[in-house]
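Structural characterization, general
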Amino acid sequence: MKKNICVFGGSVSGKNIENKETAEIIGKIIANNNFNIVFGGGENGIMGAVAQSAINYGASTTGIIPSFLLQKDLLHSGHSKKFNTELVRTETMHQRKKMMYDKSDGFLVLPGGIGTLDECFEVLTWCQLNQIKNKNVGIINFKGYWDPLINLINHIINEEFMGINNLNYFQEIKNLNTLKSFLKNI
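Read on for an overview of the structure. (Residues numbered from 1 in each chain as written. Predicted model: local features only at pLDDT ≥ 70, side-chain atom pairs only at ≥ 80, totals over all residues. Heavy atoms only, no water.)

1. Points about the sheet that holds strand β1 (residues 3-8)
Strand order in the open sheet formed by seven strands is β4-β3-β2-β1-β5-β6-β7, and the pairing between neighbours is parallel. Bordering the open sheet on either side are β4 (86-90) and β7 (171-173), each of which pairs with just one other strand. Strand-to-strand, the axes of this sheet are offset by a mean angle of 25°, without reference to chain direction. Pairing analysis gives three bridges linking strand β6 (residues 136-140) to β7, with the strands arranged parallel. Along β7, the bridge assignment pairs Gly138 with Gln171. Its contacts with the sheet place helix α5 (residues 93-103) against β1, β2 (35-39), β3 (61-66), β4 and β5 (106-109), and it is angled at close to 160° to β3. (Pairing = 2+ DSSP bridges. Helix = DSSP H or I, 4+ residues; strand = E, 2+ residues; numbered from the N terminus. Axes fitted to C-alpha atoms, helices over the stretch in contact; angles between N-to-C directions. Contact = heavy atoms within 4.5 Å.)

Here you go:
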């Protein structure tokens, strides 16, 4: 039986063309390692590239999106049925995130913006509070995109606002081999 990996990432691709290409490679690796994807449901950017690539290599996806985002046309009209294996609508962002966390066996954080940071920190907080148990969180840090985030977490620990054990709640993933190893441990 396939496991589900929840993918957080930007709804845009950012200024570096390699972001989208890397996302497509990650989607292929996810599918080839017998995972399906749970994600925010958008077809654009990093999120969309990972999901579409995974579908191309045999994975299914569950996109979870609150109704108000559908009204903002974050999904390409007419294409969502083809793109998402399943599209689940929720009323609120909180319901969306809770459902994403519940349906997933692990999490990957790819490049993104404030929404990606929100999801990353909420999952790490839930791990710290034992609301998420035995689910690995991987932060994709190819080419140092998340170096400032890793440095911030270390700064918070050094300033004693959280304990060093918080580093156990995630794994920094710097290359494809580390990603493959991470997936095998889910």
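2. Things to note about the nonpolar core
Counting residues in hydrophobic clusters, the biggest one holds 26 residues, and the most contacted among them are Ile5, Ile30, Leu108, Leu110 and Leu183. Of all elements in the fold, only β1, α1 (18-32), β2, α2 (45-56) and α8 (176-184) reach the threshold of two or more residues within this core. Considering each element in turn, this core owes the most residues, six residues, to α2. In this view, Ile30 contacts Ile5, Val7, Phe35, Ile37, Val50, Leu108 and Leu183; residues no more than four positions away in its chain are not counted. In this structure, Phe8, Val137, Ile150 and Ile153 belong to the second largest nonpolar core, which totals 22 residues. (Core = buried A, V, L, I, M, F, W, Y, C linked by side-chain atoms within 4.5 Å. Buried < 20%, exposed > 50% of the residue type's maximum accessible area, 1.4 Å probe, protein only.)

3. Overview of the layout of surface pockets
The volume enclosed by the largest pocket comes to roughly 470 Å³. For the largest pocket, the lining is made up of 31 residues, of which Gly9, Gly10, Ser11, Met47 and Thr116 are closest to its centre. Examining the composition of the lining of the largest pocket, we find that five residues originate from one element, helix α6 (residues 114-128), more than from any other. Looking at side-chain class alone, the lining of the largest pocket contains 13 nonpolar, 14 polar and four charged residues. (1 Å grid on protein atoms, 1.4 Å probe; cavity = no way out; pocket = protein on both sides within 12 Å on 5 of 7 lines; lining within 4 Å. Points joined across faces, edges and corners; volume = space filled by probe spheres on them. Nonpolar A, V, L, I, M, F, W, Y, C, P; charged D, E, K, R; others polar.)

4. What about the packing of aromatic side chains?
Going through the model one piece at a time under the given rule, you end up with five aromatic pairs. Each ring, one from Phe8 and one from Tyr101, has its centre 6.4 Å from the other, and the planes form 85°; the classification is edge-to-face. Note that Phe8 is positioned in strand β1 and Tyr101 in helix α5, a separation of 93 residues in sequence. Take Phe8 and Tyr101: they sit in the same class, and that class is buried. Note on Tyr101 and Phe107: the rings are 5.9 Å apart at their centroids and 80° apart in plane angle, and the pair reads as edge-to-face. According to the relative accessible area criterion, Tyr101 is buried, its value standing at 1%. (Phe/Tyr/Trp six-rings, centres within 6.5 Å; stacked < 30°, edge-to-face > 60°.)

5. Some thoughts on the pattern of salt bridges
Summed over the entire model, instances satisfying the criterion amount to five salt bridges. Among the salt bridges present, the one from Lys98 reaches Asp102, with a minimum N-O distance of 2.9 Å. Here the residue Lys98 and the residue Asp102 both occupy positions in helix α5, the gap between them amounting to four residues, near one helical turn. The residue Lys174 makes a salt bridge to Glu172 at a minimum N-O spacing of 4.0 Å. Overall, the relative accessible area of 26% leaves Glu172 in the partly exposed class. Here the salt bridges share partners, and the residues they tie into one network are Lys97, Asp118 and Glu122. (Salt bridge = Lys/Arg side-chain N within 4 Å of Asp/Glu carboxyl O.)

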